[in-house]
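Structural characterization, general
Single-letter residue listing:
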Amino acid sequence: MSDEIDFDELLSKYKSDPYDYVDVYAVHTGQVTFKVMEGQQVDAPSGEWLQVPGTSLYEINRERNPKIVVAQTNGTVAEVVSELDGRFVEAGEKLMTIKHPLKKKEIIENIFREVLYLFYAPETAKYFFSMDIQSRIDKKGARSITIDQGEEIITMSLMKRDTPVYYNGERGVIHSIYFKPGISVKQGEPLIGVCALDKLPLIQKIITRVKANWDSTH
Amino acid sequence: MPLNSPSPQDVLSHLQRLLTCSNGLYDSDAIVRYGAFVGSKIESHEFLPRAMIHARTRIESLAASGKSVASGTVILADTMSHSKGRFSRQWHAPTGGAWGCMIHANTLLPQSRCFVPLAVGIAGCEAVREMGGRMAVLRWVNDVLVEGKKLAGFLVETYTEAIFGEEYNLVGFGVNINNRQFPDELFDSAISLREVLGTAADLTRFTALFLARLAWNFGLLYYEESSALRGEGFSGNGGEHLLLEQWRRLSDTVGKRVVYGFDVMRSPQYQGVVLKMDENGGLVLRLDDGFEKTEYSGEVRYL
């Protein structure tokens, strides 16, 4: 976790370019056919249960099994690797980039992600806090809960197989929670952001600075 | 003397009988060899607070002395005082039921692990049917129902032992066999095999049958994994995984209108019609707005 933050530089970066550039990769090997063009607007999944699929980005066909891959974020298609259209690609090959406009809340979260210790999802699954942690959160709120390395904090649930997940970061309070019970989290996405106790004032400073600067100019 | 005390030989006898049921599409001998570790050691107790906790203690104490627990060890208890279901739900475990857990050293590949809950549910449903409960069906993921009431429930917990870091699946099972009384809150939703048959069932025989079916289904997991790794695909019709094929035969979930929730009792989320189970065991639902959604976790209740 960084101790020093150059707020002016950070805020100036987000003000001049308030976008995330989200790269989209081939989900597996196969022949790829693009469904979007550069400059096109794309939508993220929507609906109360995210049941309405996002915009179709590309089709990938492996052994006569075509699969449509949809956008997971809204924005504009900034770049398409068009020479790959109709070609066989390897899993993980970059296919396009989506330029996603950031909201103020997302900017704060992005800055947090640079300063918090992020604890990531080990598998694509649904997650819920362990019973002990949940009851402590219910009583005091997450930001009053200090967790230690080796503590069982979360249960990962996949096909009714529950796996305890042990925290492996530095001691701190649960500052940000990035998952919701019942909503699937992709492998490698952050589950929680943890803040060392002595760094809490820094976090508060970030919120104050971003809100003040953004409110005055946006 | 515990009431429920099948021997490993009882389990093996039932498992060997399954060899005769081969349809020629797969190698039954190989499946039995893969699965025969289940029930190779059985501990029967008159009372335990909770079999899962006992299993964890057993794993830890053996690891502390530099040993490993035998994969396939089954822990049974005639009654349990602190048994539980998912989340914070209570599981009532009085005398007369088949309560316990099986310890499985997790040597499966990640893509096979998600089928473990299906394997135990299928084993439970098959054993209930073989004992005479012909109407038993599976509700996704692995609840065994008769006439819409729950006869058996299963819970799989992964546990990583602290000294050597070995990972185990603790396969918990609770089957209402001869237990007659249920707590008030379960009165309308639970049923025992005794009620279904109209007479008491042989608890030890049921447990041996169930463990033999569990051995077969774990054998299938390894067998299909091996087949896929050889590049031969799965062995069911159209290249389907044999466990998924069997689940489909035993389940009445597809076509039903359901309410879905991660914790459906406490927080029901949405309603829809079940279209199918996908190749990974996920449930494909059509919501009322016509869109489809696939769930890989959570639970459903029929409407």
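Parameters at a glance
Residues numbered from 1 in each chain as written. Chains lettered and ligands numbered in written order. Predicted model: local features only at pLDDT ≥ 70, side-chain atom pairs only at ≥ 80, totals over all residues. Heavy atoms only, no water. Helix = DSSP H or I, 4+ residues; strand = E, 2+ residues; numbered from the N terminus. Rg over C-alpha atoms; globule rule 2.2 N^0.38 Å. Buried < 20%, exposed > 50% of the residue type's maximum accessible area, 1.4 Å probe, protein only. Domains from an automatic or database assignment. Pairing = 2+ DSSP bridges. Axes fitted to C-alpha atoms, helices over the stretch in contact; angles between N-to-C directions. Contact = heavy atoms within 4.5 Å. pLDDT = per-residue confidence, 0-100. Buried area = accessible area lost by both parts, 1.4 Å probe. Salt bridge = Lys/Arg side-chain N within 4 Å of Asp/Glu carboxyl O. Polar contact = N/O pair within 3.5 Å; in protein donor to acceptor, adjacent residues only side chain to side chain. Phe/Tyr/Trp six-rings, centres within 6.5 Å; stacked < 30°, edge-to-face > 60°. Lys NZ or Arg CZ within 6 Å of the ring centre and 35° of its normal.

So, on to the overall build of chain B. Secondary structure summary: chain B contains eight helices and twelve strands in total. Compactness check: chain B gives a C-alpha radius of gyration of 19 Å against a globular reference of 19 Å for 303 residues, within 12% of the reference. For the C-alpha atoms alone, the extent of chain B along its principal axes is close to 60 × 50 × 40 Å. By the burial criterion, 57% of the 303 residues in chain B qualify as buried.

To continue, consider the domain arrangement of chain A. When its domains are assigned, chain A resolves into domain 1 (19–101) and domain 2 (104–217). Centre-to-centre separation of domain 1 of chain A and domain 2 of chain A, based on C-alpha positions: 28 Å.

Glancing now at the sheet that holds strand β12 (residues 299–302) of chain B. Residues and elements named next belong to chain B. Taken together, the five strands give an open sheet; going across it, the order is β11-β10-β9-β8-β12, and neighbouring strands pair in antiparallel fashion. Two strands close off the open sheet at either side, each with one partner strand: β11 (292–295) and β12. Strand-to-strand twist in this sheet, taken as the mean axis angle between neighbours without regard to direction, amounts to 45°. Pairing analysis gives four bridges linking strand β10 (residues 283–287) to β11, with the strands arranged antiparallel. Bridging from a neighbouring strand, R286 pairs with E292 of β11.

For the rest of this paragraph, the subject is the sheet that holds strand β15 (residues 190–195) of chain A. Two pairing modes exist for strands in a sheet, parallel and antiparallel, and in both the strands are linked by backbone hydrogen bonds. Residues and elements named next belong to chain A. Pairing is antiparallel in the open sheet, where four strands are placed in the order β9-β15-β14-β11. Of all the strands in the sheet, just β9 (117–120) and β11 (146–147) have a single pairing partner and so form its edges. Sheet topology note: the β11/strand β14 (residues 172–177) ladder contains two bridges and is antiparallel. Considered in β14, the bridge of I147 is made with G172. With respect to the sheet, helix α2 (residues 104–115) is in contact with β9, β14 and β15, its orientation differing from that of β14 by roughly 150°.

A few words on the side chain of R213(B). All names here are of chain B. With respect to the helices, strands and loops of the structure, R213 is situated in helix α7 (residues 203–229). On the accessibility criterion, R213 (16% relative accessible area) is buried. With residues near it in sequence (within four places) discarded, R213 still touches L18, A123, E126, A127 and E130.

Overall, the predicted model of chain A reaches an average pLDDT of 89, with 95% of residues at or above 70. Mean pLDDT across the elements of chain A ranges from a minimum in helix α4 (residues 200–217) of chain A, with 75, to a maximum in strand β3 (residues 41–42) of chain A, with 98.

Moving on: the interface of chain B and chain A. Where interface size is quoted, it is often the accessible area lost as the parts come together. Listed by partner, the interface residues are 35 residues for chain B and 19 residues for chain A. Summing both partners gives a buried area of about 2400 Å² for chain B against chain A, and 59% of it is carried by carbon and sulfur. Considering only the side of chain B, the residues that lose the most area to chain A are T158(B), F262(B) and Q269(B), jointly responsible for 21% of the buried surface there. Run the count over chain B and chain A and you get two salt bridges. The closest approach of N and O atoms between E295(B) and K126(A), which form a salt bridge, is 2.5 Å. Put simply, chain B and chain A have 13 residue pairs in polar contact (both at pLDDT 80 or more) between them. If you list the elements that add at least two residues to the side of chain B that touches chain A, you get α5 (116–130), β6 (149–160) and β11 of chain B.

Going from W140(B) to V141(B), the amide bond is cis rather than trans, its omega being 10°. Within the fold, V141(B) resides in the loop between β4 (137–139) and β5 (143–146). Phi is positive for M159(A), close to 50°, though the residue is something other than glycine. Within the secondary structure layout, M159(A) lies in the loop between β12 (152–158) and β13 (161–166). The backbone phi angle of E147(B) is positive, close to 50°, even though this residue is not glycine. Counting through the fold element by element, E147(B) comes out in the loop between β5 and β6.

Since the α-helix advances by 3.6 residues per turn, residues separated by three or four positions end up pointing in the same direction. Residue and element names in this part refer to chain B. Buried residues of helix α2 (residues 28–35): S28, A30, I31, V32 and G35, and no others. Here the buried face of α2 lies against α1 (8–18) and α7. Taking the backbone nitrogen of D29 as reference, a side-chain oxygen 3.2 Å away marks D27 as the first, capping residue of α2.

Any aromatic ring pair is given by two values, namely how distant the centres are and how the planes are angled relative to each other. Under the counting rule described, the total for this entry stands at 13 aromatic pairs over all chains. Look at F206(B) and F210(B): their rings are 6.2 Å apart centre to centre, the planes differ by 0°, and that puts the pair in the stacked class. Highlighted residues: F206(B) and F210(B), both in helix α7, separated by four residues, approximately one helical turn. There is no split in this pair, since F206(B) and F210(B) are both buried. Looking at K13(A), its charged tip hangs above the ring of Y14(A), at a distance of 4.9 Å from the centre. When the ring centre of Y19(A) is taken as origin, the NZ or CZ atom of K99(A), which lies over that ring, is 4.3 Å away.

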